Amino acid sequence: MTHKIAVLPGDGIGTEIVAEAVKVLNVLELPLEMETAPVGGAAYEVAGHPLPESTLKLAQDSDAILFGAVGDWKYDTLERRLRPEQAILGLRKALGLFANFRPAICYEQLVGASSLKPELIAGLDILIIRELTGDIYFGQPRGRRVATDGHFPGAEEAFDTMRYSRPEIERIAHVAFQAARKRSKKVTSVDKANVLETFQFWKDVVTEVHQQYPDVELEHMYVDNAAMQLVKAPKKFDVLFTGNMFGDILSDEAAMLTGSIGMLPSASLNANGQGLYEPSHGSAPDIAGKGVANPLATILSAAMMLRFSLNQPEAADRIESAVRAVLAAGLRTPDIWSEGTTRVGTREMGDAVVAAITGK
Ligand code: NAI
Ligand code: MG
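Residues numbered from 1 in each chain as written. Chains lettered and ligands numbered in written order. Predicted model: local features only at pLDDT ≥ 70, side-chain atom pairs only at ≥ 80, totals over all residues.

- Per an unreviewed UniProt entry, the protein chain goes by the name 3-isopropylmalate dehydrogenase and belongs to Sphaerotilus uruguayifluvii.
- Under the Sequence similarities (unreviewed entry) heading, UniProt states for the protein chain: "Belongs to the isocitrate and isopropylmalate dehydrogenases family. LeuB type 1 subfamily."
- UniProt, in the comment section headed Catalytic activity (unreviewed entry), describes the protein chain in these words: "(2R,3S)-3-isopropylmalate + NAD(+) = 4-methyl-2-oxopentanoate + CO2 + NADH". (UniProt positions renumbered as here; feature names shortened; annotations may be inferred.)

### Observations concerning the overall build of the protein chain
- Within the protein chain one finds 12 helices and 14 strands.
- Here the protein chain, with 360 residues, has 48% of them falling under the buried criterion.
- When contacts within the protein chain are restricted to residue pairs at least 6 apart in sequence, long-range pairs at least 24 apart make up 75% of them. (Helix = DSSP H or I, 4+ residues; strand = E, 2+ residues; numbered from the N terminus. Buried ≥ 20, exposed ≤ 12 C-beta atoms within 10 Å, placed from the backbone. Contact = placed C-beta atoms within 7 Å.)

### Comments concerning the confidence of the model for the protein chain
- Averaged over the protein chain, the pLDDT score is 95; the fraction of residues at 70 or greater is 99%.
- Across the interfaces of the predicted complex, the ipTM metric reaches 0.97, alongside a pTM of 0.91. (pLDDT = per-residue confidence, 0-100.)

### Side note on the nonpolar core
- Core analysis: the biggest nonpolar cluster contains 106 residues, and L66, I129, A176, Y277, I299 and A302 have the highest contact counts within it.
- Both domains that furnish three or more residues to this core are identified here as domain 1 (1-100 + 264-360) and domain 2 (125-256).
- Aside from chain neighbours lying at most four places away, what touches Y277 is A64, I65, L66, F67, A267, S301, A302, M304 and M305. (Core = buried A, V, L, I, M, F, W, Y, C linked by C-beta atoms within 7 Å. Domains from an automatic or database assignment.)

### A closer look at the UniProt feature "binding site: Mg(2+)" (unreviewed entry) in the protein chain
- Under the present numbering, the feature "binding site: Mg(2+)" (unreviewed entry) in UniProt falls on D224, D248 and D252.
- Relative to the elements of secondary structure, D224 occurs in helix α8 (residues 223-232).
- Position of D248 among the secondary structure elements: in helix α9 (residues 244-255).

### So, the UniProt feature "site: Important for catalysis" (unreviewed entry) in the protein chain
- Under the present numbering, the feature "site: Important for catalysis" (unreviewed entry) in UniProt falls on Y137 and K192.
- Mapping Y137 onto the fold places it in the loop between β5 (125-131) and β6 (143-146).
- Classification of Y137 as partly exposed rests on a count of 15 C-beta atoms within 10 Å.
- Other than its neighbours up to four places away in sequence, Y137 contacts N244 and M245.

### Considering the sheet that holds strand β3 (residues 64-69)
- Sheet architecture is open: 10 strands sit in the order β2-β1-β3-β12-β11-β4-β5-β10-β8-β9, paired in mixed fashion. Every other strand in the sheet has two partners, leaving β2 (32-36) and β9 (217-222) as the edge strands with one partner each. With strand direction ignored, the average angle separating the axes of adjacent strands in the sheet is 20°.
- By the bridge criterion, 3 bridges tie strand β4 (residues 99-105) to strand β11 (residues 265-269) in an arrangement that is antiparallel. Each residue of the ladder has a partner; that of F101, found in β11, is A267.
- On the sheet, α9 packs against β4, β5, β8 (186-191) and β10 (239-242) and is oriented at approximately 155° with respect to β5. (Pairing = 2+ DSSP bridges. Axes fitted to C-alpha atoms, helices over the stretch in contact; angles between N-to-C directions.)

Okay, here's the thing in structure tokens:
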């Protein structure tokens, strides 16, 4: 069976890093059919919209999407619906991508490159799962008005609504417990049940769903404590899952434990196993076109795509082993360079991963 992949490089370093991931995918000798389409600012330039109909259709008709990054300062003055970043929101919405996976792995070869204590991060391998479609980001009603009550009646105020429905919590909880079954069978559900009704409900529903996974250990943790534990003893976590807003913040915090944002892949999945795979970073306009961007986050995102959407776990393992091998050989793009290692550019890093896979 041929796997259809929509390749959406986007803007800035997006084109450079996606080219390396495609190169890596091509040497695996898998039945992959890759088709490229413009997205973000690049699409605005050619089609007047960051997510043209043809790009959206390609994404919908594919088993998976390999995405680079979108955005550039030069589009800051465009009206919101035409800005590059709307493309990613549009894809999430159109495809129903509700589960965001962000592994935070500290590769042993990079421990020295981090400013954090080695004993804290050496061997770190945690998986953060963020719910992506609900919560205060999308809850209605929201807006601005004149207050009729509260501490300052008559004053101008703004409000958002935090909400989660039972099915939304159930489906993300299933995803987390199932992910834990493939790892160390420990899940931490992060909430703020002591203060928020939404997250008391979250905790209740998660506890119910857990009954179906007696082999998985479940722990509940308040978000403020989780934020502290992530920097105090991050290795105590295995799978950490939470709502949209807490997940946004905690996943960026966890990213900083691993060295460089240039190393961090991500996946956003829907109920059919279809997914969008992209590096956790943006389009880095400051280094775009210089050939120095780290392609490993995108290459590792391609590995996640093989594992989660295309059912090719061995191929995913081959990519991940190759990444470890090039790091062990001392190759470093500037963002992860440290004394005594070899500085390479984007293309050389991609070539080295290819060579580690093919053995040539
Ligand atoms: P950014 O992640 O693009 O860059 C932050 C810093 O990290 C920069 O100094 C950059 O050079 C560096 N960096 C990022 N990726 C790197 C890589 N692979 N190798 C080496 N260094 C790397 O975030 P920033 O600067 O806040 O945003 C730039 C643009 O990207 C904006 O237009 C923003 O909206 C967009 N963006 C897009 C995202 C997406 O497409 N999903 C996500 C985040 C930001
Ligand atoms: Mg964020």
